[in-house]
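The primary structure of each chain is shown beneath.
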Amino acid sequence: MANGIERVEDGWDVRSMRGVGVSEVTVGSMMRLHVGSDGIEVHSPAELMAGGKPYHVHALSRINLGKVPQLLDQVVGAVHAADSGVLKVRFASGWQLTVPVVSDAFGWSVAVRGRYFIRSEPGGGVRTSDRRRAS
């Protein structure tokens, strides 16, 4: 757990993000959330559950992006990357971002301290790496 990522029964918990607020939200061809020195990139369609209502969001297709900026300053309660390839980010406010498995591409990646990575694999599963991210 020295890197902030812990292996659990059904996947990986990113503990270094717990209790930390989202300091930056960037939307371009993907959605990026900066959480302290860590980051989450969402490349595929996702579901944002906000205020008890689900929003299908996708940065590249420009679908339902109105709620995405409201993730700024949200405090992360938990980040879980399931072995199946599903990513769930729960916020202290009760909001949740879920990124499902994508059949033909990787849908998301998580970087911890710019070095340790978890990312989804096309069709399901996850890959972990400790390689330094290219600048």
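For the structure itself, look to the data block above.
Computed from a prediction, not measured in an experiment: that's the story for all the values here. (Residues numbered from 1 in each chain as written. Predicted model: local features only at pLDDT ≥ 70, side-chain atom pairs only at ≥ 80, totals over all residues. Heavy atoms only, no water.)

Undergrad: Looking at this structure, how should I read the nonpolar core?
TA: One broad rule of soluble globular proteins: the nonpolar side chains tend to lie buried together. Residues Ile40, Leu87 and Leu97 are the most contacted members of the largest nonpolar core, which totals 32 residues. Ignoring anything within four residues of it in the chain, the contact list for Leu97 reads Met31, Leu33, Val42, Ala46, Glu47, Leu48, Val57, Leu87, Lys88, Val89 and Phe91. (Core = buried A, V, L, I, M, F, W, Y, C linked by side-chain atoms within 4.5 Å. Buried < 20%, exposed > 50% of the residue type's maximum accessible area, 1.4 Å probe, protein only. Contact = heavy atoms within 4.5 Å.)

Undergrad: Is there a simple way to think about the packing of aromatic side chains in this case?
TA: Inspection of the entire model under this criterion finds zero aromatic pairs. The ring of Trp12 carries the charged tip of Arg7 above its face, separated from the ring centre by 5.1 Å. Here the guanidinium or amino end of Arg119 rests over the ring plane of Phe106, the centre of that ring lying 4.7 Å away. (Phe/Tyr/Trp six-rings, centres within 6.5 Å; stacked < 30°, edge-to-face > 60°. Lys NZ or Arg CZ within 6 Å of the ring centre and 35° of its normal.)

Undergrad: Help me out: how do you make sense of the sheet that holds strand E10 (residues 96–99) in this one?
TA: Ordered in space as E1-E2-E8-E9-E10-E6-E7, the seven strands form an open sheet in which the pairing is antiparallel. Every other strand in the sheet has two partners, leaving strand E1 (5–8) and strand E7 (53–57) as the edge strands with one partner each. Recorded for the sheet is a direction-independent mean angle of 20 degrees between the axes of neighbouring strands. Two strands pair when backbone bridges link them, and strand E6 (residues 46–50) and E7 are joined in this way by five bridges, in the antiparallel orientation. Bridge pairing in E7 places Ala50 opposite Lys53. (Pairing = 2+ DSSP bridges. Helix = DSSP H or I, 4+ residues; strand = E, 2+ residues; numbered from the N terminus. Axes fitted to C-alpha atoms, helices over the stretch in contact; angles between N-to-C directions.)

Undergrad: I tried to follow the pattern of salt bridges on my own but got confused; where do I start?
TA: Where charged atoms from two side chains of opposite charge come close, those side chains can pair. Scanning the model with the defined rule gives six salt bridges in all. In this structure, Arg32 engages Glu41 in a salt bridge whose closest nitrogen and oxygen atoms are separated by 3.0 Å. The buried category is assigned to Glu41, whose relative accessible area is 10%. Note that Glu121 is salt-bridged to Arg127, the shortest N-O span being 3.4 Å. Exposure remark for Arg127: the relative accessible area of 45% places this residue in the partly exposed category. A single salt-bridge network, built from bridges that share partners, covers Glu6, Asp13 and Arg15. (Salt bridge = Lys/Arg side-chain N within 4 Å of Asp/Glu carboxyl O.)

Undergrad: For this particular structure, what's the right way to read the side chain of Ser120?
TA: With respect to the helices and strands, the residue Ser120 is situated in strand E12 (residues 116–120). In this structure Ser120 comes out as buried when scored by relative accessible area, which is 4%. Among the polar contacts listed, one links the side chain of Ser120 to the backbone nitrogen of Gly107, at a separation of 2.7 Å. Setting aside anything within four residues of it in sequence, one finds Ser120 in contact with Gly85, Phe106, Gly107, Trp108, Gly125 and Val126. (Polar contact = N/O pair within 3.5 Å; in protein donor to acceptor, adjacent residues only side chain to side chain.)

Undergrad: Hey, could you run me through the sheet that holds E12 in this one?
TA: For sheets, the rule is that strands pair by backbone hydrogen bonds, running either parallel or antiparallel. Read from one edge of the open sheet, six strands run E3-E4-E5-E11-E12-E13, paired in antiparallel fashion. Of all strands in the sheet, those bounded by a partner on one side alone are strand E3 (22–27) and strand E13 (126–129). Strand-to-strand, the axes of this sheet are offset by a mean angle of 10 degrees, without reference to chain direction. The pairing of strand E4 (residues 31–35) with strand E5 (residues 38–42) spans five bridges and is antiparallel. Bridge pairing in E5 links Leu33 to Ile40.

So far we have only geometry, and geometry alone does not tell us how the molecule works.
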